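Architecture at a glance
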Amino acid sequence: AEFIEKANYVRSLLPEVCRKDYQAPTDDDIDVFFRKVCGKKTFNPYTKPEVVPGGVIIRGENCVGEDSIDDMVSAMEEKVKENNLDKNLRLFYMLDPTPVTEEQINNEEYETPVILLTGADVAPETSFTTKGIISALGVVGIASFSLGALSFNDGFMDRLTNAADLGDGNLSWISDLAAPLFLATLGIQLAHELAHRIVAFKDKFDIGLPTIVPSLQLGLTGAITPINTPPKNLKSLFDFAISGPLVGIFVSLALMYVGLEKTAFMDAAELSQLPGLPVQLLRSSSLGGGIIEYLLGDGILLSPDPTATVSLHPYAIAGFVGIMSNALALLPAGNTDGGRVAHAVLGRSLSRVLQGFTLLLLVIVGIFGADESNILLFYSLFVTIWQREPEMPCKNEVDELDLARGAVAIGAAVLVALALVPLS
């Protein structure tokens, strides 16, 4: 019973990719690791290996000091390669993921660093076909949203009706009108993904191809970018996770400003060709809606009619969608970018508590009507179904973040709140 309880606790903290029992290190591999990798110059074990789902935990003493943990992990990885163990196992230096015992509490030894040995392959197992189908649906979602935004324009609908009445089958003008919004939305997501890849390349860990995820309300929920090999430390994980959404939000703000400036100086004929969005959707974001109110004025979002729409330049709409989708990505939930940021800032255990609270809050907000467009409710369902697994450990998951990154995290949290709290 005690082993089952411990196994379940470990499963709640470690992702499935680290619990592939069929490739857990063998007794021979562990023996070689003990004799030739561990030692008084790196990590000195003082207990026998403790079996956990997918691998073993080794308790011992860090012999290099708290300021040289990255160096210790690197030195041990070199010895793993020298002894031809790199194809059989992977090591992580992390806080103890097993339940705290009464004895540990009495001795103040809870959450002590340990070495976790797992199989070498910790990459997520996702079907390429499944990823392709979901991404195709994501692209279709963006295209549908772009066309749907045009449907809020009376001039566009009149032209479409006239073409149908005349039997005019040349509808290329529709794609010409929808293309700017479609391409601008994809461009923002591309900037988001590019930021991720720059950090991963700089810090020398592998990431997979993103999966574009559709949204019923915005066309695009965001993208799932899997981490295939562990980052060096929590700083690296933080930089990777936060870079994409922050770049996406800044690009979105710039694009939105340009689009609103263009909208403000258009004549009636030009405005008649613009796509639009419902006021109810635009009021879903204090940040996005506030900028629209400020630059276009005249109480444009104060209409009591829930079906009222506002015509906007495609860049402004793409910017609004980008603000929302990138802010959603920063919510601390699952192994999204926001979940990874929470993991890096708070640690594995506390971040799981925050993530559970966040999902509960999103559901409550959605059920009781504060989220009129149901964007938060649908996002919570998406995370619960597809993104609920925790992230893989970093090679060094003991060193904490510095104050500068902590300040960036606080700033990002404020930005997310502004972006996702409805305009009152």
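Owing to the predicted nature of the structure, the values given are computational and were not obtained by experimental measurement. Numbers given for residues are sequential positions, taken from 1 along each chain in its written order. Reporting of local features is limited, given that this is a predicted model, to residues whose pLDDT is at least 70; pairs of side-chain atoms are given and counted only at 80 or more, and all residues count toward the totals for whole chains, interfaces and linings. Hydrogens and water are ignored here; the side-chain numbers use all heavy atoms of the structure.

1. What to know about the overall build of the chain
Labels follow the DSSP assignment, with helices taken as runs of H or I lasting at least four residues and strands as runs of E lasting at least two, numbered in each case from the N terminus. Scanning the chain from terminus to terminus reveals 16 helices and 10 strands. C-alpha extents for the chain along the principal axes are approximately 80 × 45 × 40 Å. By residue count, 50% of the 424 residues in the chain fall in the buried class. By definition, residues are in contact when any of their heavy atoms lie within 4.5 Å. Nonlocal contacts in the chain, meaning residues at least 24 apart in sequence, comprise 76% of its contacts between residues at least 6 apart. Methods summary: accessible areas were calculated by the Shrake-Rupley approach with a probe of 1.4 Å, and residue burial reflects only the protein chains presented. In the form shown here, the chain has an accessible surface area of approximately 20300 Å², with 60% of it arising from carbon and sulfur atoms. Only four residue types enter the tally: Lys and Arg on the positive side, Asp and Glu on the negative side, with His and both chain ends excluded. Where a charge lies is defined by one atom per residue type: Lys uses NZ, Arg uses CZ, Asp uses CG and Glu uses CD. In the chain, the 29 positive side-chain charges and the 50 negative ones have mean positions that sit 9 Å from each other. Working definition: with a 1.4 Å probe on protein chains only, accessible area under 20% of the residue-type maximum means buried, over 50% means exposed, and in between means partly exposed.

2. Things to note about the nonpolar core
Formed by 75 residues in total, the largest nonpolar core has its most connected members in Leu 277, Leu 282, Ile 292, Leu 312, Ile 317, Leu 330 and Leu 420. Among the elements that line this core, the one with the most residues is helix 8 (residues 234-264), at 10 residues. Excluding its chain neighbours within four sequence positions, the residues that come into contact with Leu 420 are Ser 284, Met 324, Ala 327, Leu 328, Leu 331 and Leu 376. Definition used in this section: a nonpolar core is a set of buried Ala, Val, Leu, Ile, Met, Phe, Trp, Tyr and Cys residues joined via side-chain atoms within 4.5 Å. The next biggest cluster of nonpolar side chains, apart from the first, holds 20 residues, and it includes Leu 85, Leu 91, Ile 115 and Leu 117.

3. Overview of the pattern of salt bridges
Any Lys or Arg side-chain nitrogen located within 4 Å of an Asp or Glu carboxyl oxygen qualifies as a salt bridge. Scanning the entire structure with this criterion turns up 10 salt bridges. Its salt-bridge partner being Asp 203, residue Lys 202 comes within 2.7 Å of it at the nearest N-O pair. The exposed category is assigned to Lys 202, whose relative accessible area is 53%. On the basis of relative accessible area, Asp 203 is assigned to the buried category, the value being 19%. Notably, a salt bridge pairs Glu 391 with Arg 340, separated by 2.7 Å at the nearest N-O pair.

4. Here's the deal with helix 5 (residues 128-151)
With 24 residues, helix 5 ought to run about 34 Å at 1.5 Å a step, and its terminal C-alpha atoms sit 34 Å apart, in line with that. Every buried residue of helix 5 is accounted for by Lys 131, Ser 135, Gly 138, Gly 141, Ile 142, Phe 145, Ser 146, Ala 149 and Leu 150. In the core, the buried residues of helix 5 are packed alongside helix 6 (154-165), helix 7 (172-203), strand 7 (211-215), strand 8 (219-224), strand 9 (276-278) and helix 12 (314-329). Take the number of residues in a helix, subtract one, and multiply by 1.5 Å to get its expected span.

5. Re the sheet that holds strand 2 (residues 50-52)
Consider a sheet: its strands pair through backbone hydrogen bonds, and that pairing is either parallel or antiparallel. At least two DSSP bridges between two strands are needed for those strands to be called paired. Taken together, the 4 strands give an open sheet; going across it, the order is 2-3-6-5, and neighbouring strands pair in antiparallel fashion. Looking at strand neighbours, the two that pair on one side only are strand 2 and strand 5 (90-95), the edges of this open sheet. Within this sheet the neighbouring strands show an average axis-to-axis angle of 30°, counted without direction. In this sheet, strand 3 (residues 55-58) lies alongside strand 2 in antiparallel orientation, the contact comprising 3 bridges. Looking across to strand 3, one finds that Val 52 is bridged to Gly 55. Note on geometry: axes are C-alpha line fits, over the in-contact stretch for helices, and angles between N-to-C directions span 0 to 180 degrees. Contacting strand 5 and strand 6 (113-118), helix 3 (residues 69-82) crosses the sheet at an angle of about 155° to strand 5.

6. Brief notes about the side chain of Ser 373
Take Ser 373: it is sitting in the loop between helix 14 (348-367) and helix 15 (375-386). Overall, Ser 373 belongs to the buried group, its relative accessible area being 12%. Among the polar contacts listed, one links the side chain of Ser 373 to the side chain of Ser 284, at a separation of 3.1 Å. When near neighbours in sequence (up to four residues on either side) are disregarded, Ser 373 contacts Gln 217, Gln 280, Leu 281 and Ser 284. Side-chain atoms alone can form a polar contact between residues adjacent in sequence; in general such a contact is a pair of N or O atoms within 3.5 Å, and within protein one must be able to donate a hydrogen while the other accepts it.

7. Brief notes about unusual backbone geometry
Of note in this structure, Asn 84 is not a glycine but carries a positive phi near 55°. Tracing the sequence through the fold places Asn 84 in the loop between helix 3 and strand 5. Of the residues examined, Asn 84 reaches a relative accessible area of 60% and is grouped as exposed. Unusually for a residue other than glycine, Asn 374 sits at a positive phi of about 60°. Of note, Asn 374 is situated in the loop between helix 14 and helix 15. In this structure Asn 374 comes out as partly exposed when scored by relative accessible area, which is 28%.

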